Amino acid sequence: LSLSLSIDLPAVGPTDLPISLLEMGCSGRFELITHPHPNDQPLPPQSSLPHGLPPTSVSLETEVEKRFLRNPAWLPIHDTDAAFHRDVHIDSLLHCALSPLHSGISVVRDPTTGMLLDFTEVLLGDTGISAKNSMSLQRPPNPNPSESLRGSNTNYPFLPGGSDSFPKYIVRARYTIYTKVCGHPFKLLSISATFMLTGVVVYFHLWAIPINITSPCDDFYKRIPNPAFKYPFELDVFQKQAVLRLEAHESVFVAAHTSAGKTVVAEYAIALSQKHMTRTIYTSPIKALSNQKFRDFKTTFGDVGLLTGDVQLSPEASCLIMTTEILRSMLYNGSEVIRDLEWVIFDEVHYINDAERGVVWEEVLIMLPDHVSIILLSATVPNAVEFSEWIGRIKKKHIYVISTAKRPVPLEHYLYTGNSTKTQKEMFLLLDPTGNFQTKGYYAAIDAKKERTSKHTQSFGTKNPSQNTTPSQDRAVWLSLLHFLSQRQQTPVVAFTFSRTRCDDNARSLASMDLTSSVEKSEIHSFFQKSLRRLRGGDRQLPQVGLDLLKRGIGVHHSGILPIMKEVIEMLFSRGLVKVLFATETFAMGVNMPARTVVFDSIRKHDGTGFRNLLPGEYIQMAGRAGRRGLDATGTVIILCKSGVHDMGDLNVMMLGKPTVLQSQFRLTYTMILNLLRVEALRVTDMMRRSFSESHRDTQAHEQQIGQLKQTLSSLPPLDTEGQLSDLLPYYYTVTELRLTAEALQCAVLGSVNGLKALSVGRVVVVNNKQHFNALGVILQVSSDSVNRTFIALIICEKGNEEGIGDSPKGSAFPHLYNTALFTPEGPCSHTVQKLKLQDVSAITVKTLKVIPDRIIDNYNKRQQLRFRLDPPGQAISTATQELLRLAEANPGGMMTLDPVNDFQLKSVDVVEGTMRLRVLQDSLKDFSCIHSPTFSEQFLRVQERMSVQEELDKLLFLISDQSLSLLPEYHQRIKVLQSLQYVDSSGAVQLKGRVASQISSHELLLTELLFENALSPLAPEESAALLSCLVFQQKTQVEPHITNTLKEGIERVLAVAQRIGELQRDCGITQTAEEYVGQFKFGLTEVAYCWARGMPFAEIAQLTDVQEGTVVRCVQRLDEVLKEVRQAARIVGDSVLGSKMEKASLAIRRDIVFTASLYTH
């Protein structure tokens, strides 16, 4: 509807009012307004919106929807040109890469003239293999140079040496060789397992060969005219023997005393590999030792590289020094270095006893390929041959065991009781260089101590007889001892103290002592300043604290001090400028720093669970630092007696006891399981079977026995199970169950108090053993040995069978279990007095006889002598024998026996059930028809014989099967955990999460779960570093960290994930509780790591915590390794954001004093 209104108004006159119409907005309303305006002009159209309607607000949501979702042209899926910037060539689909050739051309020549006769086509093996599908050394090298050193997590490892799981190509190669050598092929199906392994049939092979080093090696220079390395000194016999073995490319285990010169063997191997243009890997348990060896070998050989968690120097060198963990990861990841490897040298092999890291040594030894020879260097260990036998068996190669008989520098062990200038010479010889324990010296030390105790103490004892002494008493002892030693020119001294704080306190308490000359002081000062030159301004002030002590010749060495300071002290000590070094046990572990004298502050240490005396192995390792070869005639070892003289028994065990044997610390880790599962040809059970913990399993010997038993079984006469004898086998099984039930009940009875009470003198028992069958006997005497209790009893027997010669065949055909008829002699009744074991007594009857035991035993023993042999038995024996015979004749079917439940009051479920089962089984025996067969006795013996062989065979088959592996249940539990968390699928194939976890060395489950739950995404790089510090920090701390709210949430999340994993492990059967699992993660260093990553100087960082500086440095260094692992994991997942965040975090913490290069590597 439109309304048009047209009004013609006359022009405005003078009498008209000045009014106008004003349109109000757009609603259609008008208003009259008055305002003067020029005459003779029409009214202008007036409006309150002179510029039209205002702009309207468009709904953004509708606009976005219309533009981006409803417009198909915008979606890239419809715009092919924008998505694919390339020209389409349909023809390219018809071309494909050439497949590798499976055959080649071989030339046939005349063997005498070499003339070309023909060409033949030969089949090529190993075609199409690569690092992604084969473990063969024939696979092409990795073209990617960045992956050739450390390998890749998608690579297969090279085939482990001596492995049972030979892939087809190796069998094929053996087949070809055998055909060429023997002229006829063998059948692959009939190939024996032993041939598969070694190419020759070898049984009961001794792999470890001990070398006799007592006889001199005279023809050494004749056999090796041009040695690979010439030494400026004459080699010892053990070193010559080792060199001869290395020249023959054999593997050796050198177990030598400290400072005997084991390094010579390692050096010769490195020189030999340089001569052969191959490579050597030298592994050590400790990073500090790796750095030290790098410096030593670098000066000797030049071409040496170093690989540790944070340092990579000259990785292309012919000799690589690394920690064992890095070698393990290289083996699992199929590093190209392994191809050129000739030797792997394991230094300090006794570290295999380490509960945490020992498993790494075993993994590496198992995973090394065949072409690599092994050199093991260790302190003296009692079971070197046994350990070498294990390695030889799993690698299928001989290991030559070379041990030293004695130390090159003998040791003298003293007790020191002095504590003042007057008593400073109170040092008493306890163990002379020949190893004789001097009790005279021990009692002299006790007397010296006694003299100084007050009369009151001697009469009434000390007020507090504790082992602890006050700091002032300690100081007095140290001052008097060190004055005494410096007077006798006995420095340098290593003082082993088993507490880091006590090391520091002892060193600080010697403020008045000065052991260096002014020349030495200036040398120490200049070396110290030169070493610190590489540190930045503020950091240079940190180590200055110890300079004053150092200048006076006193040093401290433990894990709590800064690594650079530790290295400065080691170098000054090796130069002889540090005269007294207070050190913890780690100083003795591999750091090659011999001294003139070693002092033990105490012989007790805390091992993480409680205080205990030093073990012989630990004492020998530390005491062995005394005595420098070529400088000292003898080394001096001093044990301080501060509060009192130690117990003589303890000292004797510690000094002369056997060192700790090498023991397997093999355990399953998720990383190991996942690394092995991703390679089809390797099985975790094989790894378990080949571990040192299973070294008692001699599978080869078992397999030979199995073969013999199978042969025996097939040669046995067949069983007759027709007619009446049809139930012979069920009868045998029933009897066997009856026997086992009766034995279990008998053990329960004889192990009970009432049972042993019943077996007292005069008790009538039923005896069954090789000589007697259901014969009655009376107990005469009971032994007092509660473990192996025996009884002397008088037993009735046939005349002439007193010595057990007439053993009737019935004894085995009718055991006492199903024939309770008592023995009655067919002719005259005789007797014998015998010692019985518990198992010989098959039943305890209700009867007792009055006997005179001593008279019976004496009379019987007398008649055993030749001249009294024909004397008639005494009255006591005759009476007892007649009584037993009367009882047997009166109860021919069997006597009443004491019931375990009613008579012995044994009410346990097992005993009650056993008694009921015994009755049922005994009753069921009457229903069998086979017992009525005339040939039953003969056939039953056959069954027994066959079944005993079969049981032995089953036992051996079980022993060589996976089911007998001690760690198999735990393996199944861990697989269950991995399946629940989707690291592997139900068939055992490794999934993405599993591939990530396999690249993480410790706490792999927690780290992978955090990664896949995006727990690190909301955190800044420095917060991520702080949070992950819980994986590397192990200590307790009293300081509560002050952290951001985001970090607090992160910690809660980590604990929640850890709790979930802990509970899942518990549900799957793993023994560790959820609380124990969560308790591993300690957040005491989160604030320190956070502030360090944000750039705070180290001096300020040290103020934030009570954790010692050295520990902080070590944790931050290990944190960097964790960040690298997370970065690698993020790359596998494809999370580039997290990867770059980890890189930023890593860069933020890699700075200043924490990551300053080792002095040994420059």
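Definitions and limits used
- Residues numbered from 1 in each chain as written.
- Predicted model: local features only at pLDDT ≥ 70, side-chain atom pairs only at ≥ 80, totals over all residues.
- Heavy atoms only, no water.
- Helix = DSSP H or I, 4+ residues; strand = E, 2+ residues; numbered from the N terminus.
- Buried < 20%, exposed > 50% of the residue type's maximum accessible area, 1.4 Å probe, protein only.
- Contact = heavy atoms within 4.5 Å.
- Areas by Shrake-Rupley, 256 points an atom, 1.4 Å probe, with all protein chains shown as cover.
- Phe/Tyr/Trp six-rings, centres within 6.5 Å; stacked < 30°, edge-to-face > 60°.
- Disulfide = S-S within 2.5 Å.
- Pairing = 2+ DSSP bridges.
- Axes fitted to C-alpha atoms, helices over the stretch in contact; angles between N-to-C directions.
- Salt bridge = Lys/Arg side-chain N within 4 Å of Asp/Glu carboxyl O.
- Parallel < 35°, antiparallel > 145°, perpendicular 65-115°, else oblique.
- Nonpolar A, V, L, I, M, F, W, Y, C, P; charged D, E, K, R; others polar.
- Arc of directions from axis to C-beta.
- Polar contact = N/O pair within 3.5 Å; in protein donor to acceptor, adjacent residues only side chain to side chain.
- Core = buried A, V, L, I, M, F, W, Y, C linked by side-chain atoms within 4.5 Å.

Peer 1: Help me understand the overall build of the protein chain in this model?
Peer 2: Scanning the protein chain from N- to C-terminus turns up 42 helices and 28 strands. A burial count over the protein chain gives 47% of its 1162 residues as buried. The long-range share in the protein chain, meaning contacts at least 24 apart out of those at least 6 apart in sequence, stands at 73%. Summed over all atoms, the accessible surface of the protein chain reaches about 59300 Å², with 55% contributed by carbon and sulfur.

Peer 1: Which parts of the structure should I look at to understand the packing of aromatic side chains?
Peer 2: In the structure shown here, the tally under the stated rule is 21 aromatic pairs. Ring centres of Phe220 and Tyr221 lie 5.1 Å apart, and the angle between their planes is 80°; this geometry places the pair in the edge-to-face category. Under the relative-accessibility criterion, Phe220 is labelled buried at 3%. Look at Phe253 and Phe387: their rings are 5.9 Å apart centre to centre, the planes differ by 80°, and that puts the pair in the edge-to-face class. Of this pair, Phe253 sits in strand S7 (residues 251-255) while Phe387 is found in helix H12 (residues 384-395), placing the two residues 134 residues apart along the sequence. Neither Phe253 nor Phe387 differs from the other in exposure class; each is buried.

Peer 1: Help me understand the environment of Val920 in this model?
Peer 2: Inspection of the secondary structure assignment puts Val920 in helix H31 (residues 909-924). Placed 182 residues apart in sequence, Val920 and Leu738 show a C-alpha to C-alpha distance of 9.5 Å.

Peer 1: What is the right way to read the environment of Ser522 from this model?
Peer 2: Take Ser522: it is sitting in helix H17 (residues 518-531). The class of Ser522 is partly exposed, set by a relative accessible area of 46%. As a C-alpha pair, Ser522 and Lys551 span 29 residues in sequence and 8.0 Å in three-dimensional space.

Peer 1: Which parts of the structure should I look at to understand the state of the cysteines?
Peer 2: Cysteine pairs can be covalently joined through their sulfur atoms, and such a bond is termed a disulfide. Across all of its chains, the model carries zero disulfides by this definition. No disulfide involves Cys829; its nearest neighbouring cysteine sulfur is the one of Cys797, lying 7.0 Å away. Residue classification places Cys829 among the partly exposed positions, given a relative accessible area of 25%.

Peer 1: In this structure, what is going on with the sheet that holds strand S27 (residues 829-837)? I would like to understand it.
Peer 2: Hydrogen bonding along the main chain pairs the strands of a sheet, whether they run parallel or antiparallel. The antiparallel open sheet is built from five strands, whose spatial order is S27-S26-S25-S24-S28. Here the strands that pair on one side only, and so sit at the sheet edges, are S27 and strand S28 (841-848). Strand-to-strand twist across the sheet, computed as the mean angle between neighbouring axes with direction ignored, equals 35°. Direction of pairing for strand S25 (residues 775-782) relative to strand S26 (residues 790-798): antiparallel, over a ladder of five bridges. What sits directly across from Val782, in S26, is Phe791. In the packing of helix H29 (residues 853-863) onto the sheet, the strands contacted are S25, S26 and S27, and the crossing angle to S27 comes to about 105°.

Peer 1: Is there a simple way to explain the pattern of salt bridges in this structure?
Peer 2: Between side chains of opposite charge, a pair can form as their charged atoms come close. On inspection of all chains with the given rule, the structure shows 23 salt bridges. Residue Arg328 pairs with Glu363 through a salt bridge whose shortest N-O separation is 2.9 Å. Here Arg328 is found in helix H10 (residues 324-332), whereas its partner Glu363 is found in helix H11 (residues 358-367), with 35 residues between them in sequence. Take Arg328: its relative accessible area is 14%, and that puts it in the buried class. Since its relative accessible area comes to 1%, Glu363 is described here as buried.

Peer 1: Would you take a moment to explain the side chain of Ser1146 for this structure?
Peer 2: Tracing the sequence through the fold places Ser1146 in helix H42 (residues 1136-1149). Accessibility expressed as a relative area gives 4% for Ser1146, which makes it buried. Ignoring any residue separated from it by four or fewer positions in sequence, one finds Ser1146 in contact with Asp1120, Leu1123 and Arg1127.

Peer 1: Would you take a moment to explain the packing of helix H36 (residues 1021-1028) against H42 for this structure?
Peer 2: Packing of H36 against H42 brings their axes to within 8 Å, and their N-to-C directions diverge by 80°. In terms of their interaxial angle, H36 and H42 are classed as roughly perpendicular. Two secondary-structure elements touch here, H36 through Pro1021, Ser1024, Ala1025 and Leu1028 and H42 through Lys1141, Met1142, Lys1144 and Ala1145. Its residues assigned to classes, the contact of H36 with H42 comprises five nonpolar, one polar and two charged.

Peer 1: I tried to follow the pairing of strand S15 (residues 411-416) on my own but got confused; where do I start?
Peer 2: The side chains of a regular strand alternate, first on one face of the sheet and then on the other. Counting buried residues along S15, six of its six residues qualify, which places the element largely inside the surrounding structure. Of the two faces of S15, both are covered, the one formed by Leu411, His413 and Leu415 as well as the one formed by Glu412, Tyr414 and Tyr416. Pairing analysis gives six bridges linking S15 to strand S23 (residues 635-640), with the strands arranged parallel. Its bridge partner being in S23, Tyr414 is matched across the sheet by Ile638.

Peer 1: Could you clarify how one ought to interpret unusual backbone geometry in this entry?
Peer 2: Of note in the backbone geometry, His249 takes a positive phi value of approximately 60° without being a glycine. Within the fold, His249 resides in the loop between helix H7 (237-247) and S7. Not every positive phi belongs to a glycine, and Ser314 is a case in point at roughly 45°. Of note, Ser314 is situated in the loop between strand S10 (312-313) and strand S11 (319-323).

Peer 1: Before we go on, may I ask you to explain helix H22 (residues 648-656) in this structure?
Peer 2: Side chains three or four residues apart in an α-helix point the same way, a direct result of the helix having 3.6 residues per turn. Within H22 the residues assigned to the buried category are Leu651, Met654 and Met655. End-on view of H22: buried residues confined to an arc of 90°, all on one side of the axis. Its side-chain oxygen placed 3.2 Å from the backbone nitrogen of Gly649, Asp647 serves as the N-cap of H22.

Peer 1: What is the right way to read the sheet that holds strand S14 (residues 399-403) from this model?
Peer 2: Overall, mixed pairing links the nine strands, which are arranged S6-S14-S7-S13-S12-S8-S11-S9-S10 in an open sheet. Looking at which strands have only one partner, the edges of the open sheet turn out to be strand S6 (208-210) and S10. Taken together, the two bridges between strand S9 (residues 304-307) and S10 define a ladder with antiparallel strand orientation. Along S10, the bridge assignment pairs Leu306 with Leu313. The strands touched by H7 within the sheet are S7, strand S12 (341-346), strand S13 (373-378) and S14, with S7 carrying the most contacts at an inclination of about 165°. Sheet strands in contact with H10 are strand S8 (279-284), S9, S11 and S12, and its direction is about 105° off that of S11.

Peer 1: Hey, could you run me through the environment of Met277 in this one?
Peer 2: Along the chain, Met277 falls in the loop between helix H8 (263-276) and S8. Residues Met277 and Glu342 lie 65 residues apart in sequence; the distance between their C-alpha atoms is 9.4 Å.

Peer 1: Please clarify how the nonpolar core should be interpreted in this entry.
Peer 2: In summary, soluble globular proteins display a tendency toward joint burial of nonpolar side chains. In this structure, Phe346, Phe387, Phe600, Leu1006 and Leu1028 are the most contacted members of the largest nonpolar core, which totals 182 residues. In terms of residues, this core owes the most to one element, helix H41 (residues 1109-1133), which gives eleven residues. Contact partners of Phe346, with chain neighbours within four places excluded, come to Thr283, Thr324, Trp361, Val364, Leu365, Leu368, Ile374, Ile375, Leu376 and Leu377.

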